[in-house]
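Per-entry structural report
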Amino acid sequence: MTMEKCLIVAVADNYAIGRKNQLLWNLPEDMKYFREQTTGHPVIMGWMTFQSIGRPLPRRTNIVISIFPWPEAPEKVVVVESLDEAFQAAEKACEGAEDAKCFVMGGAYTYAEAMQTVDTLYITHVHDTVEDADAFFPEIDPAVWYPASTSETHTDPVSGLTYEFVIYRRL
């Protein structure tokens with residue numbers, strides 16, 4: 001059985017995803033969705049993303065891409081040097097799993113590289129434009145991706161932001 005390569009991200013209407021190595025929004029329903037989708041599966045992230053989280057995510061193999069040696073990697077963190085190595089480590093972590101999939105979860109550079117090879121995109125489309133963002137997601141090309149499922153529109157009770165969960169599959 002082949003492992004499904006997935007990517008998960010919350011994206012603004014202008015494709016913004018971050019500012020100063022932080023998420024742009026605090027959307028509890030999006031965090032819940034992220035947890036539900038990724039728990040039990042390996043997660044792949046760049047070193048900066050891991051630094052912004054500050055700890056390994058529980059109940060997931062955490063695979064961190066770092067081009068710098070990292071002699072004191074935290075327990076439960078697998079450090080690799082490339083996205084290809086990350087997918088190999090995820091494949092190994094998925095051995096014997098019925099639902100073999102991994103999730104690329106940031107940052108911008110890792111997303112841009114992963115878009116070339118992943119099978120599925122889990123995108124939270126947040127209807128907001130963030131002018132001062134400094135990290136962006138690549139455009140989702142309709143010649144490559146189609147929306148396989150779209151949730152109803154949700155509204156965050158605190159911020160008033162609206163958003164949908166869309167799963168895209170490669171054509």
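Heads up: the structure comes first, above all this text.
First, a word on what this report is: a plain description of the structure on this page. (Residues numbered from 1 in each chain as written. Predicted model: local features only at pLDDT ≥ 70, side-chain atom pairs only at ≥ 80, totals over all residues. Heavy atoms only, no water.)

Some points on the packing of aromatic side chains
For any pair of aromatic rings, the description consists of the separation of the ring centres together with the inter-plane angle of the planes. To keep things clear, this is the line we draw: Note on ring pairs: Phe, Tyr and Trp rings are taken, using the six-membered ring of Trp, and paired if centres are within 6.5 Å. Classes follow the plane angle, with under 30 degrees stacked, over 60 edge-to-face and the rest tilted. Secondary structure elements are taken from DSSP: a helix is a run of H or I of four residues or more, a strand is a run of E of two residues or more, and numbering for both begins at the N terminus. Buried residues are those whose accessible area, probed at 1.4 Å on protein chains only, stays under 20% of the maximum for their type, while exposed residues exceed 50% and partly exposed ones sit between those limits.
The tally for this structure, following the rule as stated, stands at four aromatic pairs. When the centroid spacing of 4.1 Å and the interplanar angle of 20 degrees are considered together, the rings of Tyr-33 and Phe-165 count as stacked. Of this pair, Tyr-33 sits in helix α1 (residues 28-38) while Phe-165 sits in strand β11 (residues 162-170), placing them 132 residues apart in sequence. Assigned by exposure class, Tyr-33 and Phe-165 land together as buried. Between Tyr-163 and Phe-165 the ring centres are 5.6 Å apart and the planes differ by 70 degrees, which places this aromatic pair in the edge-to-face class.

A look at the side chain of Asp-30
Convention followed: When charges are counted, neither His nor the chain ends are considered; positive counts come from Lys and Arg and negative counts from Asp and Glu. Within this document, salt bridges are pairs made up of a side-chain nitrogen of Lys or Arg and a carboxyl oxygen of Asp or Glu, the two lying within 4 Å of each other. Contacts were defined at the residue level, with two residues in contact if any of their heavy atoms lie within 4.5 Å.
As for its placement among the helices and strands, Asp-30 is situated in helix α1. Among buried charged residues, Asp-30 stands out as having no salt bridge; its nearest opposite-charge side chain is Arg-35, 9.7 Å away. Excluding its chain neighbours within four sequence positions, the residues that come into contact with Asp-30 are Ala-10, Thr-124 and Phe-165.

Things to note about the environment of Thr-117
Along the chain, Thr-117 turns up in the loop between α4 (108-114) and β7 (120-126). Along the backbone, Thr-117 and Cys-6 are 111 residues apart, and their C-alpha atoms lie at a distance of 9.2 Å. Beyond its immediate stretch of four places on either side in the chain, Thr-117 contacts Lys-5, Phe-87 and Arg-170.

Section: the pairing of strand β1 (residues 4-12)
Within a regular strand, the side chains alternate between the two sheet faces. The cut-off we apply is this: At least two bridges found by DSSP between two strands are what make those strands a pair.
Within β1, seven of the nine residues are buried, which leaves it mostly tucked inside the rest of the structure. The pairing of β1 with strand β6 (residues 101-104) spans four bridges and is parallel. Along β6, the bridge assignment pairs Cys-6 with Phe-103. With seven bridges connecting them, β1 and β7 associate as parallel partners. Pairing of Ala-12 across the sheet is with Val-126, part of β7.

Regarding α1
Worth spelling out the cut-off: To be clear, the arc concerns the directions from the helix axis to the C-beta atoms.
For α1, the set of buried residues is Asp-30, Tyr-33, Phe-34 and Thr-38. Across the axial projection of α1, the buried residues extend over an arc of 110 degrees, all falling on one side. Residues of α1 that are buried in the fold lie against β1, β3 (43-46), β6, β7 and β11. A positive phi of about 90 degrees marks Gly-40, the residue just after α1.

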